[in-house]
Amino acid sequence: MNDFRLARSLGVGALYASTSLLASAMEIEIDYTLDTNGFFNQAGSKEAMRAVCDYFEGILADDLARIDQAQWPGNSWIARVRNPATGNVDTFPGKVIPANTYILYAGGRNLNGAGQGGQNFYSASGSGPNSQQWFDLLQSRGEPGALANPPTDAGPWGGSITFSTSRTWNFSQTASVGGGRSDFITIALHEVCHALGMGTEDSWNTYVNGASFTGPKSTASYGGNVPLQSGGRHWRDDGMCTSSTATGYSPSNPLNVLSRAVGQFGVTEGQNQIALLDPVSCRVGSKLKVMTALEVAGLDDVGWEIKTGIITPLPELAISVNQDNGAVTLSWLANPDRVYQVQESGTLQDWVDLGNPVSLRSGPVNFPDGDPPIGRNFYRLHVDPPSSSDVAFALANRSSYYLTVETEPNDVSDCDICADGH
Ligand SMILES: [Zn+2]
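Structural notes, computed from the coordinates. (Residues numbered from 1 in each chain as written. Predicted model: local features only at pLDDT ≥ 70, side-chain atom pairs only at ≥ 80, totals over all residues.)

**Details of the packing of helix α1 (residues 45-59) against helix α3 (residues 184-195)**
What counts here: For helices, the fitted line uses only the C-alpha atoms of the stretch in contact; every axis is such a line through C-alpha atoms, and the angle between N-to-C directions lies from 0 to 180 degrees. Under the scheme used here, helices are H or I runs from DSSP no shorter than 4 residues and strands are E runs no shorter than 2 residues, and both carry numbers assigned from the N terminus. For classification purposes, angles smaller than 35 degrees are called roughly parallel, those larger than 145 roughly antiparallel, those between 65 and 115 roughly perpendicular, and all remaining angles oblique. Should the near helix be turned anticlockwise from the far one by less than a right angle, the crossing is left-handed, and should it be turned clockwise, the crossing is right-handed. Residues are defined as contacting one another if the C-beta atoms placed from their backbone atoms lie within 7 Å. Basically, the charged four are Asp, Glu, Lys and Arg, the nonpolar ten are Ala, Val, Leu, Ile, Met, Phe, Trp, Tyr, Cys and Pro, and anything else, Gly included, counts as polar.
Where α1 contacts α3, the axes come no closer than 10 Å and their chain directions differ by 45°. The angle between α1 and α3 falls in the class oblique. Pair α1 / α3 crosses with right-handed handedness. Every residue of α3 that contacts α1 at Ser45, Ala48, Met49, Val52 and Phe56 is listed here: Phe184, Ile185, Ala188, Leu189 and Val192. In terms of residue class, the contact of α1 with α3 is built from nine nonpolar, one polar and no charged.

**What about the sheet that holds strand β7 (residues 158-164)?**
Put simply, the test is: Any two strands with at least two DSSP-identified bridges between them are counted as paired.
Reading across from one edge, β1-β4-β7-β5 is the order of the four strands in this open sheet, with mixed pairing throughout. The open sheet has two edge strands, β1 (27-31) and β5 (115-119), and neither has a second partner. If you compare each strand with its neighbour and ignore which way they point, the axes differ by 20° on average. Two elements, strand β4 (residues 101-109) and β7, share seven bridges in a ladder whose sense is parallel. By the bridge assignment, Ala106 is partnered in β7 with Ile161. Of the strands in this sheet, β1 and β4 are in contact with α1, which crosses β1 at around 160°. Lying on the sheet, α3 is in contact with β4, β5 and β7; it crosses β5 at an angle near 25°.

**A few points about the sheet that holds strand β12 (residues 226-227)**
If you walk across this open sheet you meet the three strands as β10-β11-β12, and the pairing is antiparallel. At either margin of the open sheet sits one strand with a lone partner, and together these are β10 (208-209) and β12. Where strand β11 (residues 212-213) meets β12, two bridges bridge the pair, whose relative direction is antiparallel. Along β12, the bridge assignment pairs Ser212 with Pro227.

Next comes the structure, spelled out in structure tokens:
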């Protein structure tokens, strides 16, 4: 649990009205001035860090207000920064934060886990008639939901991200290479999620209810409340990346929090994956572990505005639920020369065949389950011969639905950099 929380001491005040009407492209400015241990002197490291931030810039569309105390006479602030090289807090009085800019301090030091990420914070003082507006600006940067109670948005000025200097790193932007190397792209994507508020922001905590995350975007993506690891800062650990059980990934593991990859960094759109905010990452084959639809939904719940078109519809499979009589109908677009078998399970462990296999036809197939169990029930669609999407999972929850595409990994036992706790 190395993620750090920001500590705010400012009260909730009146809404701060943004004067901008159009959301602008947000810029993530990477600041290496605190990288005094020279982590980013390694070949390919800054290019990979930039690529990760380019990815987030490509999906986020928030309009964040400028912070410049010179425009607020009688008021002041001190930016407080988690120094990646020391772990201590450095202070930058009167720092100017340009509009639509998020400043990410990046560096390295010796960590137990692979990486660490979180927001940066501040202290402030004010006097005069504008002081409450000044405080609101610092807390929200013009995002009204950040001032709501409970908060539903965030307007951070920046964060810090740290990578362990005691590991050997793979800076490839397209593949995991093994050989004991930790995948920088994977860890950086995960830690930037923390820096942007997942597991750390007040608006994230708005939706933490015990061991469940109830954010509306995330639950729509997952098909129900998303299971959380204790502490509420990660999705539930699938438990497959410990040094004693380093099997990496088991498709039928009931602890999996599965979603589908957003196409990036050499991974195909729709590839089934343990969601990136699992607390422990380990290597599964040659693919990098990347952002999934569930992390994009989580950022949306934190309050980030997500550009449209980031999550594309599933190309081949869909599920519909008849809510009138409680029946579930699985629908998919069948290809010729394939055999499909539908199974169901309440536990993801014992699968029961539903009817006869559907074969030798193309076009839309509607497969009814006229008597689904009460509550959560998983469906599995096997396709033979295998293809890039040879198994589909679906979860029916009476009146909601969830579907993801499962691709069986070929080499799940290659897990030589397990226990990347972070
Ligand atoms: Zn983490």
